[in-house]
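# Architecture at a glance
Letter by letter, the chains look like this.
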Amino acid sequence: SVLSVQSQKKITEDARRKPLSNASVMSDLEAQLRSKEKSHIKHRYSDRDSKGESKCTFVCHTFWASQFEAVRRAQFGQNIDSPNEAEKVEDGFIRSLCSASKWDAKGGKSGATFSKTSDSRFVIKYVTRTELQMFLDYCLSYFEYLAKSFFHKLPTALCKIMGAYQIGYHNKVTGKRYMNQVVIMQNLFFGRNISKVFDLKGSTRSRYVTVETSNNGSNEREGENVGEKEGEEGGVNYKKNEPQKSLQQQVLLDENFMEYTQGQPLPLLDHSKTIFQTAIMNDTLFLSRANVVDYSIVVGFDEEKRELALGIIDYMRQYDILKKVERMGKSVSMVVGQAEPTIVQPRPYKARFQQAMERYFMIVPNKWTNMVPAKKETKEERKKSFKEERRKSIIAH
């Protein structure tokens, strides 16, 4: 397992001892989430032999323990202010992490390693120290943004990160050392029967994968994929009396998406499109201000419920010198008429992502859709409005 039960329980107990600020103005949980006080906890324990000598030392460094506990309570708790509910949420989180296995998820070109809990509730991503540090640098802004979403109904499509850890051990018998950084994310496809998965960035350069068909008619992956066992969330669940298909659920990209929709936007209900568009605007603005690039939105098709399960992922990487060099290298190799590189500066990346979401999805009107066009102003009304705005501007200055 990624974390031991004893270690996580110690982390949770220590996190709850942290004082809350501004509790009189807002709820205790919101104050805990918005707190700027560092709550990093480094927990160390040893495995000893019969003589009491240490054979192996384990280390678990938890970052922003108190704030991430608040994120989990706000995300999963029903009565979020109840102490009993807090215990229930944390106990469920610990039990999920106690049993995890490697997950063959290759949805990107970074080559990152993934694990997934046995109950499929959480995905564990192994990240570099640089990525983790970049995320920790703007974590307070991340908590502030989630507080607006949880407690003030701000629409968001972020796939929420539930915890950030550095874990390792030192085996004094063999001399082997291990240290790694992990983040715990919600599984967007938990409890769903997903038939198709797309990873969309809004770029068309190198954003196509070839779908190969094996002899038995099942789809095989070439390039990027998400491994999935039968019956687990994130892939297709098949009944026992149905033909066995590939256990690999293929992750398709932007150009595959346009090919699937035959170049037309994917229709969404009026209300759903409005919430989705608002969430995209909010999230991309937040990530742009945090100097984050290279994020994407993963979209899963739940054909049984006729719903889309989606969320923005890979938002830990900021636009640093390495990304600048990557962008310059790809720009030099461009030919006339070719699409711009996937990596661009944060503001152009935000604009391109927003425009792509407008192209990829469209509104399907229903009986509640307002079909009455806005009243056009006459020439005299426009002049009057202009004079009024000018008068207000002069008074303000």
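Residues numbered from 1 in each chain as written. Predicted model: local features only at pLDDT ≥ 70, side-chain atom pairs only at ≥ 80, totals over all residues. Heavy atoms only, no water.

Here we come to the overall build of the protein chain. In terms of regular secondary structure, the protein chain is built from 11 helices and 17 strands. Scored against the burial criterion, the 397 residues of the protein chain give a buried share of 45%. Within the protein chain, counting contacts between residues at least 6 apart in sequence, those at least 24 apart form 70% of the total. Of the roughly 22,200 Å² of accessible surface on the protein chain, 51% is carried by carbon and sulfur atoms. (Helix = DSSP H or I, 4+ residues; strand = E, 2+ residues; numbered from the N terminus. Buried < 20%, exposed > 50% of the residue type's maximum accessible area, 1.4 Å probe, protein only. Contact = heavy atoms within 4.5 Å. Areas by Shrake-Rupley, 256 points an atom, 1.4 Å probe, with all protein chains shown as cover.)

Ordered by their spatial adjacency, seven strands build an open sheet running 1-2-7-8-6-5-3, and the pairing between neighbours is antiparallel. Because the sheet does not close on itself, it has two edges, and the strands there are strand 1 (41-48) and strand 3 (100-103). When strand polarity is set aside, the average angle formed by the axes of neighbouring strands in this sheet is 25°. Across nine bridges, strand 7 (residues 161-171) lies against strand 8 (residues 177-186) in antiparallel orientation. Paired with Ile167 across the two strands is Asn180, which belongs to strand 8. (Pairing = 2+ DSSP bridges. Axes fitted to C-alpha atoms, helices over the stretch in contact; angles between N-to-C directions.)

Take the packing of helix 8 (residues 270-289) against helix 10 (residues 346-360) next. Contact pair helix 8 / helix 10: the axes reach a minimum separation of 9 Å and the direction vectors enclose 170°. What the angle tells us is that helix 8 and helix 10 run roughly antiparallel. From helix 8, Lys273, Phe276, Gln277, Ile280, Met281, Thr284, Leu285 and Ser288 reach across to helix 10, where they touch Pro346, Arg347, Lys350, Phe353, Gln354, Met357 and Glu358. Its residues assigned to classes, the contact of helix 8 with helix 10 comprises seven nonpolar, four polar and four charged. (Parallel < 35°, antiparallel > 145°, perpendicular 65-115°, else oblique. Nonpolar A, V, L, I, M, F, W, Y, C, P; charged D, E, K, R; others polar.)

With respect to the helices and strands, the residue Tyr178 is situated in strand 8. Excluding anything up to four places from it in sequence, Tyr178 contacts Tyr126, Ile167, Gly168 and Tyr169. At 3.3 Å, the side chain of Tyr178 forms a polar contact with the side chain of Asn180. (Polar contact = N/O pair within 3.5 Å; in protein donor to acceptor, adjacent residues only side chain to side chain.)

Take the nonpolar core next. Core analysis: the largest hydrophobic core is formed by 79 residues, its most contacted members being Tyr142, Ile312, Tyr315, Met357 and Phe361. Counting residues per element, this core draws most heavily on helix 6 (residues 139-152), which supplies seven residues. The residues contacting Tyr315, other than those within four sequence positions of it, are Phe135, Tyr138, Tyr142, Leu158, Cys159, Lys160, Ile161, Leu287, Val292 and Tyr295. (Core = buried A, V, L, I, M, F, W, Y, C linked by side-chain atoms within 4.5 Å.)

What follows deals with the environment of Pro346. Mapped onto the elements, Pro346 comes out in helix 10. On the basis of relative accessibility, which here comes to 8%, the residue Pro346 falls in the buried class. With 57 residues separating them in the primary sequence, Pro346 and Arg289 have C-alpha atoms 8.0 Å apart. If we ignore the near neighbours within four places in the chain, the residues touching Pro346 are Ser288, Asn291, Val292, Val293 and Tyr319.

This brings us to the pattern of salt bridges. Where charged atoms of side chains with opposite charge meet at close range, the side chains can pair. Under the definition given, this model contains 11 salt bridges. A salt bridge links Asp199 to Arg207; the shortest N-O distance between them is 3.1 Å. Each member of the pair, Asp199 as well as Arg207, is classed as buried. With a shortest N-O distance of 2.6 Å, Lys201 and Asp294 are connected by a salt bridge. (Salt bridge = Lys/Arg side-chain N within 4 Å of Asp/Glu carboxyl O.)

Attention now moves to a positive patch on the surface. Side chains of Lys42, Arg44, Arg48, Lys172 and Arg177 sit close together on the surface and give a patch of like positive charge. Per-element accounting of the positive patch gives the leading share, three residues, to strand 1. For Arg48, the location among the structural elements is in strand 1. (Patch = residues over 30% accessible without salt bridge, like charges linked within 9 Å, V, L, I, M, F, W, Y side chains within 5 Å. Lys, Arg positive; Asp, Glu negative; His and termini not counted. Charge placed at Lys NZ, Arg CZ, Asp CG, Glu CD.)

Right, let's get into the environment of Cys56. Within the secondary structure layout, Cys56 lies in strand 2 (residues 54-63). With 118 residues separating them in the primary sequence, Cys56 and Thr174 have C-alpha atoms 9.4 Å apart.

With respect to the helices, strands and loops of the structure, Ser96 is situated in helix 4 (residues 83-97). At 3.2 Å, the side chain of Ser96 forms a polar contact with the side chain of Arg121. Every residue in contact with Ser96, bar those within four places of it in the chain, is listed here: Thr117, Asp119, Arg121 and Phe122.

Let us now look at the confidence of the model for the protein chain. Caution applies to low-pLDDT regions: their predicted coordinates should not be interpreted in detail. Confidence in the prediction of the protein chain, expressed as mean pLDDT, is 79, and 71% of residues score 70 or more. Contacts from residues 1-5, a stretch scored under 50 in pLDDT, to residues over four places away or in other chains number 17 contacts. (pLDDT = per-residue confidence, 0-100.)

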